[in-house]
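Analysis of the macromolecular model
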Amino acid sequence: MTALRVDGLFKVFGRHPDEAMARLRAGATADEIRASGATPAVIDVTLAVEPGEIFVVMGLSGSGKSTLIRTLNGLLEPTAGTVHVGDDEITALSGKGLREVRQRRISMVFQHFALLPHRSVVDNAAYALEVRGIDRRTRLAAATEALEMVGLEGQADKRPDELSGGMQQRVGLARALASEADVLLMDEAFSALDPLIRREMQDQLLELQARLGKTIVFITHDLNEAMRLGDRIAIMRDGRIVRLGTPEQILADPGDEYVERFLADVDRSRVFTASDVMVPAATVLAGSQPAAALEALHAHGSFALAVVDGDGRLVGVVTGADLLAASGNVVAAVRPPAARVAAGTSLAELLAPAGASDAPVAVVDDDGRPCGLVDPRAVLAALAGAGSDGRVSADDRAELLEGSRG
Amino acid sequence: MAEPTAVLAAEESSLPRVPVGEWVDTAFDWLKDNFDPVFDAVATGTETAVEGVTDALLFLPPLLFAAILALLAVFVRSVVFAIGSLVGLLLIQSMELWEPAMQTLALVLVATLIAIVVAIPVGIAAAKSSRVSGLVRPVLDLMQTMPAFVYLIPAVTFFSIGLVPGVITTIIFALPPGVRLTELGIRQVDRETVEAGHAFGSSPWQILRGIELPLARPTIMAGVNQVIMLALSMAVIAGFIGAPGLGQIVVTSISRLNIGLGFEAGLSVVILAIFLDRLTASFGERPVEGGLRSRLMRRRTARTVGAPVAAEDATPGSRPTAGAGV
């Protein structure tokens, strides 16, 4: 069951919106409609957000992303189309029914925090519960807990303007969390913060999300932020979603020139991880003969082998060249990997070890068993955005794993 | 009725004469004929209110009352303001103008109260609806720019001379800034903050009470301040139609060409004006540093905060320029 569903959503501002919409459906472009005096902000958007997902909507100013997020909780009424939050059809509700959904199911964090300057931090955090009519003691307890969650212990009695921007936005986040809504809308929530604080807030959001598992729709104009936070990203342009996918999918296949131009600025080293560039490790026992090892190497079409002990734990790595030069058993040729890393390690952290040695980087699981090897050249290829030679499709990978285990 | 056009040599004009004056006369005659009981009721109510307030203001001996006002001044603003107020009020008493000053003050207080009770809801309605705003604006323009003495004529027709027409004209004259600044204040409330109210499911009333009015308070209080100042200036003009107070002294001194008396009455008006202005202005501002109110408030927060502040994230420069904290 999807947490949030948007179907065929249109929002047209200005005169004669219905007329403009009919023309859009007939295939008119946004520019043509604009010439007639109406402004199409959201054009035929359909998407579904799964529970527990961080869904990022990314676009430049004027792309319609802020309009889109405001239709999700009914702050703006769409010209056509429907929005469902769980079972509730937001677009069919008004007045009390709509307020009820906003009070219980969907909350929001704002770009400029939108705190009440005349109230203390804890009263701000308790706002959602106060609106719902919950008694003071209960709501202050919930607000205090939410403030602790975002790291604002001891600030409860201050006024918002006594806090820095980052702390103010934490209050905004605490206010949204205290409402206990499952769906959290974040409208450029970190865009007004300076870069260091922004990064800190992103980390904190990911940490909270790992703990709370909310469904988050996050609006941003910063693609790096989108890539860092998003489980999936929708890229908007001129009111339409032009690309929708996971960060890796979008990076690997931008789809069109517009998205590609964006991607030029993305820090790929933070999006891709070791698991994206590794090849599944073909293993060889430390006691094997070099000839047998070479055979295994050729059989897998790999550039190196992971050498393991009797328990399957990584001892070291050997490349084809090492094996050819070796005499005796494999142990003589084995050398330490450039680094041992986990599958989730970002490329940024692989750069230094990969550059320091021509040995492969070994990707190991929690028990120290090898699950993949990374060719240093594959790291560079992935950063350059080329379809790297080191990468293998998921099917092949599974096959190879089977092979290496057997 | 005299023909006002006579002055302008109307026979040369090619435009037909539009008898605005006659229409107004007819309208007021009709009102007078049909709503006399209403006007009588208004008159009685107003008179009772102003006289009640006057009696209350004159109930305490002047010296004691001046001391109480000075205490109020120290509470809302500062010791300097309190000393200034005390000196000013004692000067009024020593000029033997205490009673007319209190009569004027009572008139101003009642007129201001009524004006605010009308102005704030109208201002809110104008802020919420552009149509209401469009309707109200020309009326306010008329009220503000129509020469003050012109109000006096119909006021006297309806209420004869004395206190009541004075109060009514004062209300009409003082009302507009209350409406205008309330509308402005509410329209200026940060859009995102109001949106936040909606996003958390607040009702329109909760948004008005909890967000718009508190955030618009400084502007609304500036409006209230302006209402009081205008009421005070009109209360003096109302002396011409027999409203009791400092205005009457001014009128008397004009008719007798008594410069000294006129100056004393005028000075008393100025003292009252400054006192009321500073007093009401401080309700719109944040508490002044060193004032008793700010010290009391600080002590209250200091007691509840207690815990040391986490240094992390306390970068002062990271506040956005267009923040919500207005």
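Residues numbered from 1 in each chain as written. Chains lettered and ligands numbered in written order. Predicted model: local features only at pLDDT ≥ 70, side-chain atom pairs only at ≥ 80, totals over all residues.

Across its full length, chain B carries 13 helices and zero strands. For chain B, the residues scored as buried account for 37% of the 326 residues in total. In chain B, the proportion of contacts linking residues at least 24 apart, taken out of those at least 6 apart, comes to 74%. (Helix = DSSP H or I, 4+ residues; strand = E, 2+ residues; numbered from the N terminus. Buried ≥ 20, exposed ≤ 12 C-beta atoms within 10 Å, placed from the backbone. Contact = placed C-beta atoms within 7 Å.)

Helix and strand counts for chain A come out as 19 helices and 17 strands. Projected onto the principal axes, the alpha-carbon positions of chain A cover approximately 80 × 55 × 35 Å. Scored against the burial criterion, the 406 residues of chain A give a buried share of 49%. Taking all contacts inside chain A whose residues are at least 6 apart in sequence as the whole, residues at least 24 apart take part in 63%.

This brings us to the nonpolar core. One finds A:Ala174, A:Val217, A:Val374 and B:Ala231 to be the most contacted residues of the largest nonpolar core, which totals 204 residues. If we ignore the near neighbours within four places in the chain, the residues touching B:Ala231 are B:Val108, B:Ala111, B:Thr112, B:Ala115, B:Thr170 and B:Ala174. (Core = buried A, V, L, I, M, F, W, Y, C linked by C-beta atoms within 7 Å.)

We now examine helix α4 (residues 79–94) of chain B. Residues and elements named next belong to chain B. Taking 1.5 Å per residue as the helical rise, α4 with its 16 residues ought to reach 22 Å, and the 22 Å between its terminal C-alpha atoms agrees with that figure. If you check which residues of α4 are buried, you get Phe81, Ala82, Ser85, Gly88, Leu89 and Ile92. Along the axis of α4, the buried positions cluster into a sector of 135°, meaning they face one direction only. Opposite the packed face of α4, turned more than 90 degrees from it, sit the exposed residues Val80, Val87 and Ser94. Positive backbone phi, approximately 60°, marks Glu96, located one or two places after α4. (Expected span 1.5 Å × (residues − 1). Arc of directions from axis to C-beta.)

Right, let's get into the sheet that holds strand β1 (residues 4–14) of chain A. Residue and element names in this part refer to chain A. Spatial strand order, β2-β1-β4-β5: four strands in an open sheet with antiparallel pairing. Edge positions in the sheet fall to β2 (38–49) and β5 (88–89), since each has one partner strand and no second. Relative to β5, strand β4 (residues 80–85) runs antiparallel, the two being bridged by two bridges. Note that in β5 the partner of His84 across the bridge is Glu89. (Pairing = 2+ DSSP bridges.)

The next thing to look at is the confidence of the model for chain B. Residue and element names in this part refer to chain B. When the pLDDT values of chain B are averaged, the result is 82; 83% of them are 70 or greater. Mean pLDDT across the secondary structure elements of chain B bottoms out at helix α13 (residues 292–305), with 50, and peaks at helix α5 (residues 98–128), with 93. pLDDT under 50 marks residues 300–326. Its contacts with residues more than four places away, or in other chains, come to 44 contacts. Interface scoring of the predicted complex returns ipTM 0.73; its pTM is 0.74. (pLDDT = per-residue confidence, 0-100.)

Before going further, it helps to spend a moment on helix α8 (residues 165–178) of chain A. Residue and element names in this part refer to chain A. In this model, α8 (14 residues) spans 20 Å end to end at C-alpha, consistent with the 20 Å of a helix rising 1.5 Å per residue. Judged by how many residues are buried, α8 sits mostly within the fold: 14 of 14 residues are covered. Once α8 finishes, Glu180 follows within two positions and takes phi at roughly 60°, a positive value.

Residue and element names in this part refer to chain A. Within strand β13 (residues 304–308), four of the five residues are buried, which leaves it mostly tucked inside the rest of the structure. When strand β12 (residues 283–285) meets β13, the two strands line up parallel, connected through three bridges. By the bridge assignment for β13, Thr283 is matched with Ala306. Taking the sense of rotation as the criterion, the β-α-β connection linking β12, helix α15 (residues 290–300) and β13 turns out right-handed. Joining the antiparallel neighbours β13 and strand β14 (residues 314–319) is a turn of five residues, in which Gly312 adopts a positive phi near 85°. (Right-handed = clockwise from strand over helix to strand, strands pointing away.)

Residues and elements named next belong to chain A. Inspection of the sheet shows β1 paired to β4 by five bridges, in the antiparallel sense. Following the sheet pairing, Phe10 is matched in β4 by Ala80. Here eight bridges tie β1 to β2, and the two strands are oriented antiparallel to one another. Opposite Val6, over in β2, you have Leu47 as the bridge partner.

So, on to the sheet that holds strand β10 (residues 240–245) of chain A. Residues and elements named next belong to chain A. The strand order across the open sheet built from six strands is β6-β7-β8-β3-β9-β10, with neighbouring strands paired in mixed fashion. The strands lining the two open edges of the sheet, one partner per strand, are β6 (106–109) and β10. Neighbouring strand axes in the sheet, compared pairwise and without regard to direction, differ in orientation by 20° on average. Sheet topology places strand β9 (residues 232–237) next to β10; five bridges connect them, and they run antiparallel. Residue Ile233 lies in a different strand from β10, and its bridge partner there is Gly245. (Axes fitted to C-alpha atoms, helices over the stretch in contact; angles between N-to-C directions.)

Let's shift gears to unusual backbone geometry. Residues and elements named next belong to chain A. With a phi angle near 45°, His16 is a residue other than glycine that sits in the positive phi range. Here His16 lies in the loop between β1 and α1 (17–25). Owing to 14 C-beta atoms within 10 Å, His16 belongs among the partly exposed residues under this scheme. With a phi angle near 50°, Asp44 is a residue other than glycine that sits in the positive phi range.

Residues and elements named next belong to chain B. The contact between α5 and helix α6 (residues 130–145) brings their axes to 5 Å, and the two run at 130°. Classified by the angle between their axes, α5 and α6 sit oblique to one another. Between α5 and α6, the contacting residues are Val122, Ala125 and Ala126 on the first element and Val132, Ser133 and Val136 on the second. In terms of residue class, the contact of α5 with α6 is made up of five nonpolar, one polar and no charged. (Parallel < 35°, antiparallel > 145°, perpendicular 65-115°, else oblique. Nonpolar A, V, L, I, M, F, W, Y, C, P; charged D, E, K, R; others polar.)

Here we take up the environment of A:Asp87. Residues and elements named next belong to chain A. With respect to the secondary-structure elements, Asp87 resides in the loop between β4 and β5. Looking at Asp87, the number of C-beta atoms within 10 Å reads 7, which means it is exposed. Remark: the alpha-carbon pair of Asp87 and Ile216, spanning 129 residues in sequence, is separated by 17 Å.

This part is about the packing of helix α9 (residues 191–199) of chain B against helix α10 (residues 204–237) of chain B. Residues and elements named next belong to chain B. Direction vectors running N to C along α9 and α10 enclose 160°, while the axes themselves pass 10 Å from each other. In terms of orientation, α9 and α10 fall into the roughly antiparallel class. Two packed elements cross with a definite hand, and for α9 against α10 that hand is right-handed. Across the interface between the two elements, Thr193, Val194, Gly197 and His198 from α9 touch Gln206, Ile207, Gly210, Ile211, Glu212 and Leu215 from α10. Classifying every residue of the contact of α9 with α10 by side-chain character gives four nonpolar, five polar and one charged. (Left-handed = near helix turned anticlockwise from the far one by under 90°.)

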